[in-house]
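So the chains spell out like this:
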Amino acid sequence: METKWLEDFITLAQTKNFSKAANLRCVTQPAFSRRIQALEGWLGCELIDRGSYPTRLSAQGEVFYEQALTMLEQIRQARTIVRGGSLQSRQPIRLVVPHTLACSRAPHWVSNLKAKLADRLPDLSFQLTASNVHDAVLYFTDGASDFLVCYHHSREPIELDPGKFEVRVLGTERFSPYSAVNGDGKPLYALDALAPLPVPFLSYSKHAYLSKMTDIAMESGPLFLKKSLYETDMSESLKSMCEAGLGVAWLPESAVLPGAALCKIPGPYFTDMEVRLYRRAQKARDAAAGHEHVDLVWHYWPD
C-alpha cells in the first residue's frame, strides 16, 4: 500500500466527487480511479458505493475513513521522530487559516497564547498555513492541521460533521464596503443614489469565499458598479488597491487597521460573518501524540 492511496481516499471521502478529488490531488481522473481501485484491492473490499449518486462511501469505507486519518497522522509522527524530533516538546501546533485572518488576527492569537501558556508550555510554537477557505477546510479535515479558523455565514455555511469535529465561535466580523479618503477625510466613492455612477469596483475571484460574501452584502439594494477592474483571492491585495483610490472594495473589518487611509462607506451594503475555531473530536485527539498541548491551546484560545 502507498501513502498517496490513503490521501486519495480521504480527499474523495471529503469531496464526494471523483473529478473534484482528482483535481485536488493533481492527477487525471482515470489515474485517480485506478489508485482508489488499487487501495480497494489491497484491502480486499469496496470502499465506494458505486451504485449511488452523488458518490458516497460503502459501509467498509466509512469504517476505513477514520482509520486512514489515524494512519496518516501516525506516519507523520513517525517521520518527525526518526528525523530527531520530539513530539512532546518540539512539534508545533498546526494552524490553518484563510489569508485574511492570517494577516489580521493570527498575530493576536499567537501572542496571547504564548503569554497565557508561558509557564505550562515554554517551548510552545506554531506552524501556520494560510490558504483560501475551501482549501483550508480540506487541509484541516485531511488531518494536516490541529486547528482550523475560518469564516462562517448562514448563507454559505462551513459544514463539518459535529461527531468528528468540535467548534467554538470566537466572535463576528463585519464585512463592509470601503473607499480611499480625500483631503477632507471623506470617502472618494459613495454608494447612495446621489453618488456619481457607475462606481469603480474591486472584486474577489469568483470562487473565493469572500466573493460570495460580497454578493450577499450587495443584496440590500441596487448598486451601479463598473465591471471589476481588479480581481484577486486576497483581501490584503484588494485593500492596497482600495487605498490607492482605484475603487470600492468589500473588506473584513479586522483587515482595516486603525490609521489606514480607508473609510467605511455608509449604507446597508454589509453583512456579518462568524469567526469559528475547529478541532477534532475527543477520540481522534486521543489517538495523536501531544494532544494534551492541543487541549490546552483550545482551552486558552483568545477571542
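See above for the structure.
Residues numbered from 1 in each chain as written. Predicted model: local features only at pLDDT ≥ 70, side-chain atom pairs only at ≥ 80, totals over all residues. Heavy atoms only, no water.

Chemist: Any chance you could explain the overall build of the protein chain here in plain terms?
Modeler: Within the protein chain, the regular secondary structure consists of 11 helices and 11 strands. Summarising its shape, the C-alpha atoms of the protein chain cover approximately 70 × 55 × 30 Å along the three principal directions. Among the 303 residues that make up the protein chain, the fraction classed as buried is 47%. For the protein chain, contacts bridging at least 24 residues in sequence account for 75% of all contacts bridging at least 6. (Helix = DSSP H or I, 4+ residues; strand = E, 2+ residues; numbered from the N terminus. Buried < 20%, exposed > 50% of the residue type's maximum accessible area, 1.4 Å probe, protein only. Contact = heavy atoms within 4.5 Å.)

Chemist: Whenever I open this one, the pattern of salt bridges confuses me. Can you help?
Modeler: Pairs can form between side chains of opposite charge once their charged atoms are near each other. Enumeration according to the criterion identifies 13 salt bridges in this entry. Its salt-bridge partner being R105, residue E173 comes within 3.5 Å of it at the nearest N-O pair. Here E173 is found in strand β6 (residues 165–180), whereas its partner R105 is found in the loop between α5 (99–104) and α6 (106–116), with 68 residues between them in sequence. Judged on exposure class, the residue E173 and its partner R105 are both buried. The closest approach of N and O atoms between D272 and R174, which form a salt bridge, is 2.8 Å. With D272 in strand β11 (residues 271–280) and R174 in strand β6, the pair connects residues that are 98 residues apart, well separated along the chain. (Salt bridge = Lys/Arg side-chain N within 4 Å of Asp/Glu carboxyl O.)

Chemist: Please clarify how the packing of aromatic side chains should be interpreted in this entry.
Modeler: In this description, a pair of aromatic rings is defined by centroid distance and the angle of the planes. A full pass over the atoms with the stated rule returns eight aromatic pairs. Each ring, one from F9 and one from F64, has its centre 5.5 Å from the other, and the planes form 45°; the classification is tilted. Here F64 lies in helix α4 (residues 59–82) and F9 lies in helix α1 (residues 3–15), a separation of 55 residues in the sequence. Pair check on accessibility: F9 and F64 agree, each one buried. Seen in terms of ring centroids, F140 and F165 are 5.2 Å apart; in terms of plane orientation they differ by 45°. Their pairing is tilted. Here F140, found in helix α7 (residues 133–144), pairs with F165, found in strand β6; they are 25 residues apart in sequence, far enough to count as distant. Taken as a pair, F140 and F165 share a single burial class, namely buried. (Phe/Tyr/Trp six-rings, centres within 6.5 Å; stacked < 30°, edge-to-face > 60°.)

Chemist: Looking at this model, I keep getting lost on the environment of A59. Mind explaining?
Modeler: By the secondary structure assignment, A59 is in helix α4. Classification of A59 by relative accessible area gives exposed; the value is 59%. In sequence terms A59 and I48 are 11 residues apart; their C-alpha atoms lie 8.6 Å from each other.

Chemist: Can you walk me through the environment of A78 in this structure?
Modeler: Assignment of secondary structure puts A78 in helix α4. A relative accessible area of 38% places A78 in the partly exposed class. Once the C-alpha coordinates of A78 and S205 are considered, the two residues, 127 residues apart in sequence, prove to be 39 Å apart.

Chemist: What am I meant to see in the pairing of strand β5 (residues 147–152) here?
Modeler: The two faces of the sheet receive side chains in turn, since in a regular strand these alternate between them. Along β5, six of the six residues are buried, which leaves the element largely enclosed by surrounding structure. When strand β3 (residues 93–98) meets β5, the two strands line up parallel, connected through two bridges. Residue pairing for β5: V96 is matched across the bridge by L148. One ladder, built from five bridges, connects β5 with β11; its direction is antiparallel. Paired with V149 across the strands is L277, a residue of β11. (Pairing = 2+ DSSP bridges.)

Chemist: Would you take a moment to explain the layout of surface pockets for this structure?
Modeler: Of the voids in this model, the largest pocket is the one considered here, and its volume is about 1,000 Å³. The wall of the largest pocket is formed by 32 residues, among which Q14, V137, L138, E159 and L160 lie closest to the centre. Looking at the lining of the largest pocket, the elements that each hand over two or more residues are α1, β2 (56–57), α4, α7 and α8 (209–217). It is α7 that provides the largest number of residues to the lining of the largest pocket, a total of five residues. (1 Å grid on protein atoms, 1.4 Å probe; cavity = no way out; pocket = protein on both sides within 12 Å on 5 of 7 lines; lining within 4 Å. Points joined across faces, edges and corners; volume = space filled by probe spheres on them.)

Chemist: Explanation requested: empty space enclosed by the protein in the structure shown.
Modeler: Applying the stated criterion across every chain yields a total of two cavities of 30 Å³ or more. When its volume is computed, the largest cavity comes out at roughly 110 Å³. If you go around the largest cavity, the residues you meet are P98, H99, T100, S131, N132, V133, Y151, A208, Y209, L210, D233 and M234. Each residue belonging to the lining of the largest cavity can be placed in one class, and the counts come to seven nonpolar, four polar and one charged. (Nonpolar A, V, L, I, M, F, W, Y, C, P; charged D, E, K, R; others polar.)

Chemist: In this structure, what is going on with the pairing of β3? I would like to understand it.
Modeler: In terms of burial, β3 is largely enclosed, as six of its six residues are buried. Burial along β3 is two-sided: the residues I93, L95 and V97 and R94, V96 and P98 are all buried. Where β3 and strand β4 (residues 126–131) come together, six bridges link them in parallel fashion. Among the inter-strand pairings, V97 is bridged to a residue of β4, identified as A130.

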